[in-house]
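Below are the chains, spelled out letter by letter.
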Amino acid sequence: RSGRRPGMSIFKAREWWSTKVDGGEELDGACMAVGNIDNEADGSDKIVLGGFSGTVRIYKPTARGFKPNNIKCEQHLGAPILQVGIGVYSSSSAKDMQLAVLNPRRLLVFSVAACSTQDADGSTDTYYQLSILYKHTLTRSAYNFTQGSFGNAQGRDYIAVQSLDGELTIIEQEQIVFSKFLPNFLVPGPLCYIPYPTDSFVTVNSQFICEAFRFSLLASSSSGGLAQADDKDKEAKRAKADWALNLGESATSICVARHSSELKEKISEVIVLGERSIFWIKDNGQLRTTKRLDYSPLCMKAYHVKSPTQPGACQYLMVGATSGQIMIYGHDLQLVWGACLDITPVGLCVGTMGKVKGLVTSVSDVGEVCVSYMGTDPPAAVVNTAEKKQLNYEGMDEEHRQLLSVIRESGAARKGEPTDQLILRAQVPNQLDGGHTDRGWEAIQVTVKLFVSYTGTDALEDVILMVSAPEQFQCSVNTTTLHSVTAGGTPRTVPLVFTVANPALPTDIRVTISASYQSRAGDPRVAFADISLPLCLCGKAVPPIKNGAYKMTVDTNRDPVSLPALFEDLVPAESSNALPNVLSFLYHSGVDATIIVSKNAGRYRVQSGSLEALWLVTQQLSDRLSTHLSAASSPSDEPFEIGYSEELEEPMRFYGSVIDLHFEARLALKAIHEELEKSASQFRSIQKRLLVRFKDRNPAPLNELDSLLNLSYTRITEGAARGEAAEALLKTASDKLQLTTRLILLILRLRFRLDTETFEVLERHWSPVVEDTPDQGWEESTELSLSVLLKTSLGKGGAKEAAAMPQGPTAMLKDTVKLKRLMANVCERLAAR
């Protein structure tokens, strides 16, 4: 059985007695102790159970199965219980057992006495009464304690309490003797006491080092007094370790056991349960052996397989696992038995109950207590023994008709729009606060007035407003709560101050404002409002600039309009330098765009030294021409038209170069990430080799492994710096691609006279929003979307062909040839409409 894998145990522990604490109790393994707490003459053990709720309970199982009279005591102590213990804690008796209870700020010691009571039917029952013997108030928050005959004391048990900040307080029954701070302390760990021959405390610190501290050295260095608060920062005032051993992993539990029959009389050794290993350590700190576990342990208990008074008596180890199993390890940490429990144990004890010896008591973290013994029952298998029933087809038809009736009724009684609505209305000025000035982009702002009104009869409470602006701008209010919005009357006014966050070219000027609230009936609702920021927040008008590297022409069927009349928010009325047919706009980034109007025909040329700078000015020109000329038209005039008559070859060629620039930036970043993964893998491999040599009892020479580790670390830091630079370049390329995509979509709309519905379909598939993730970038999603568009809205197959398209993320493209071909196909299909 020693070679059997723990996860493959075929035996199940036989349950003898079990119960569960009501009320959602929480606890850990230190909250349970088993012993003859009431000092009964037959020596039978009782179960003492504490909990974080502050209630201590004492159970006395006497036979199979739980009975109500098995619980002998249940008392609330008013503070969370961190640990319980059973020992000789009173100086008035050298034989009687007492109960020790550790709270965060005090240590309580009780005597437990059995009291008899007579029921109405004449039967006699007993219960336990707790009488406090003494208590000690602790100056620091406690974590755990250990007990033993410190200083070779005879017939009594002393207590050592470890605090959360590393203070070890020694309590000799009714008095606190001294305290000492432990060295190299960050978080507390498990604690135990070795009585003979070293008389030492053993713990594992946050550096994964097992340390031992002699009681005599602690007592002499403390001068019999309590440690001061500043002693933990003074190395000379902290305790000195007698020996130390690097374990390389954190510890879950520590116990002292005679795990070998070859040890001399009274000699014990230390067993440390780690996260994945068991360490067997001699009393002088030398590692005897280590056993690697292939499961996650939770708790450990050492118990005698023979009477401690017999010659050659040794102890076995019982380990509880997260899988709900308990493993029994014999000599030399060999697995001798394994069994399954019905609970996941966080604490284990072995005792005698109901005149049955060797019963295993286990407890879970939710207060499930189980007393069991080892057996050869196989684990219970879940077998479906449900009887097969004849299918009732008539009942199915009836239920189907009822469901159809419910669906029809719900569709006929569809709710309309509610009459009580929250209305958001924004007043956006077309000029900066303070009028036209020559201030820099850091000092300009626009104040938008948001009017919030409610059409219901009662007032609304806790209306949450959220403002989402493009990254080039920032709003004074991102999220705010209106505690009350009254119905009717004057709307609630919320000022929103927009400023420029960075001088880069704006990728959008639309702002979304949302308001979430609950109606009086408790229904969640959301109201939206979309606004456009004024053009003056993106730049300013400047004297004409000649910069025609990139240009496009917009045609209309109306006479030319004076540019100062169209852009009166940029050109002050009192300006004498404004020309009617030329307007240059300077962005905050220093990039310019110029509009030139034809003198005879309604043609407008937009030119700039940067391709991406054309979009915003052209979009504003198109919208303002449509608004201005449509309003000035008479019923006898032909409908206003605006279009783009030039060939698409040149804009698409420029657009292809922008796509390639973005794709190359993604490839460069991907290559850096792959290089970083290789460097990190090499770094971890070198670390593991160094750790193996560090833990080896006879380590081999390093052979320049330390130099290789430093070199690998340097490569990682340099690669990380290159990655940050590549991410910045990708961000710049993404913004340029987003602006250029918006420009191309605008050109297609003007070129093919697309209506609003068709353009929205095109924009959904040919998205101007560039979002790159490690799994999928803009190129992959756009290629897939355009393929669907060509087979649905712009194709003949419709939804049937679309259903055959691949779903989910695709692998990164090798090149952009197919993507550009799909874009050309879309343009051809639009031209053929």
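Quick caveat: nothing in here was measured; it's all calculated off a predicted structure.

(A) Here's a closer look at the overall build of the chain. Per the secondary structure count, the chain includes 10 helices and 42 strands. Rg of the C-alpha trace for the chain: 40 Å, well past the compact-globule value of 28 Å for 833 residues, more than 25% over. Its C-alpha atoms give the chain principal-axis dimensions of about 120 × 80 × 55 Å. Within the chain, contacts between residues at least 6 apart in sequence are counted, and of these 60% link residues at least 24 apart. Here the chain has roughly 43300 Å² of accessible surface; of this, 50% comes from carbon and sulfur atoms.

(B) Examining the nonpolar core more closely. Grouped together as the largest cluster of nonpolar side chains are 96 residues, with contacts concentrated most on L422, L496, F498 and W766. Here this core takes 9 residues from helix α6 (residues 705-751), the largest share from any one element. Contacts of F498, omitting those with residues within four sequence positions, involve I444, Q445, V446, V448, V467, A469, Q474, C475, V511, I531, L533 and L537.

(C) Molecular detail of the confidence of the model for the chain. On average, residues of the chain score 88 in pLDDT, and 92% of them reach the 70 mark or higher. Confidence over residues 1-8 falls short of pLDDT 50; this stretch has 15 contacts with residues more than four positions distant or in other chains. Of the regions scoring below 50 in pLDDT, residues 798-804 engages in 5 contacts with residues more than four places distant in sequence or in other chains.

(D) Representation of empty space enclosed by the protein in the model. Tallied over the full model, the rule gives 5 cavities of 30 Å³ or more. Empty space within the second largest cavity amounts to approximately 50 Å³. Along the walls of the second largest cavity sit Q162, L182, P183, F185, V187, G189, T203, V204, N205, E211 and F213, which together make up its complete lining. Looking at the lining of the second largest cavity, the elements that each hand over two or more residues are β15 (200-204) and β16 (209-214). Of the residues that constitute the lining of the second largest cavity, the class distribution is 6 nonpolar, 4 polar and 1 charged.

(E) Representation of the environment of V256 within the structure. Among the structural elements, V256 can be located in strand β18 (residues 251-257). Residue V256 is classed as partly exposed on the basis of its relative accessible area of 21%. Linking V256 and V272, residues 16 residues apart in sequence, is a C-alpha distance of 8.8 Å. Apart from residues no more than four positions distant in its own chain, V256 is found in contact with C192, Y193, I194, P195, S268, E269 and Q315.

(F) Local environment of the sheet that holds strand β36 (residues 524-532). The sheet built from 4 strands is open, its strands ordered β33-β31-β35-β36 with antiparallel pairing. The outermost strands of the open sheet, each flanked by one partner alone, are β33 (479-485) and β36. For this sheet the average axis-to-axis angle between neighbouring strands, irrespective of direction, equals 20°. In the sheet, strand β31 (residues 460-468) pairs with β33 via 6 bridges, with the strands oriented antiparallel. Across the sheet, the residue bridging to E461 is S484, located in β33.

(G) Expanded view of the pattern of salt bridges. Here the structure, examined in full by the defined rule, presents 27 salt bridges. A salt bridge links E167 to R140, with the nearest nitrogen and oxygen atoms 3.3 Å apart. On the criterion of sequence distance, the pair formed by E167 in strand β12 (residues 167-172) and R140 in the loop between β9 (124-137) and β10 (142-148) is long-range, its members being 27 residues apart. Among the salt bridges present, the one from R401 reaches E398, with a minimum N-O distance of 2.7 Å. In this pair, R401 and E398 are both assigned in helix α2 (residues 393-412), 3 residues apart and thus about one turn of the helix distant. Taking the relative accessible area as the measure of exposure, E398 reaches 35% and is therefore partly exposed. Through salt bridges that share partners, D38, E40, K46 and K60 make up one connected network.

(H) Representation of the pairing of strand β8 (residues 106-118) in the model. Bridge analysis of strand β7 (residues 98-103) against β8 gives 5 bridges, and the strand direction is antiparallel. By the bridge assignment, L99 is partnered in β8 with F110. Bridge count between β8 and β9: 13 bridges; the pairing is antiparallel. Along β9, the bridge assignment pairs S116 with T126.

(I) A look at the sheet that holds strand β39 (residues 582-587). As summarised here, the arrangement of the 6 strands in space is β37-β39-β40-β41-β38-β42, forming an open sheet in which the pairing is antiparallel. The strands lining the two open edges of the sheet, one partner per strand, are β37 (539-542) and β42 (642-643). Examined bridge by bridge, strand β40 (residues 592-597) and strand β41 (residues 603-608) share 5 bridges and lie antiparallel to one another. In the sheet register, I595 faces β41, and the bridge partner there is V606.

(J) Quick peek at the packing of aromatic side chains. On inspection of all chains with the given rule, the structure shows 15 aromatic pairs. Taking 6.4 Å as the distance between ring centres and 80° as the angle between the ring planes, the aromatic pair formed by Y303 and Y316 counts as edge-to-face. With Y303 in strand β22 (residues 297-304) and Y316 in strand β23 (residues 315-321), this residue pair connects regions lying 13 residues apart in the sequence. Between F585 and Y587, the ring centres sit 5.1 Å apart and the planes meet at 90°, which makes this aromatic pair edge-to-face. Pair check on accessibility: F585 and Y587 agree, each one buried. Three or more aromatic residues joined by ring pairs form one cluster here, namely F150, Y158, F178, Y193, F201 and F215. Sitting above the plane of the W280 ring, R288 keeps its charged end 4.9 Å from the centroid.

(K) View of the packing of helix α5 (residues 649-695) against helix α8 (residues 778-791). Orientation of α5 relative to α8, taken along the N-to-C sense of each, is 130°, at an axis distance of 10 Å. Regarding the angle of α5 to α8, the classification is oblique. Touching Y655, I659, H662, F663 and R666 of α5 are W778, E779 and E780, all from α8.

Here is what the cut-offs are and how they apply
Residues numbered from 1 in each chain as written. Predicted model: local features only at pLDDT ≥ 70, side-chain atom pairs only at ≥ 80, totals over all residues. Heavy atoms only, no water. Helix = DSSP H or I, 4+ residues; strand = E, 2+ residues; numbered from the N terminus. Rg over C-alpha atoms; globule rule 2.2 N^0.38 Å. Contact = heavy atoms within 4.5 Å. Areas by Shrake-Rupley, 256 points an atom, 1.4 Å probe, with all protein chains shown as cover. Core = buried A, V, L, I, M, F, W, Y, C linked by side-chain atoms within 4.5 Å. Buried < 20%, exposed > 50% of the residue type's maximum accessible area, 1.4 Å probe, protein only. pLDDT = per-residue confidence, 0-100. 1 Å grid on protein atoms, 1.4 Å probe; cavity = no way out; pocket = protein on both sides within 12 Å on 5 of 7 lines; lining within 4 Å. Points joined across faces, edges and corners; volume = space filled by probe spheres on them. Nonpolar A, V, L, I, M, F, W, Y, C, P; charged D, E, K, R; others polar. Pairing = 2+ DSSP bridges. Axes fitted to C-alpha atoms, helices over the stretch in contact; angles between N-to-C directions. Salt bridge = Lys/Arg side-chain N within 4 Å of Asp/Glu carboxyl O. Phe/Tyr/Trp six-rings, centres within 6.5 Å; stacked < 30°, edge-to-face > 60°. Lys NZ or Arg CZ within 6 Å of the ring centre and 35° of its normal. Parallel < 35°, antiparallel > 145°, perpendicular 65-115°, else oblique.

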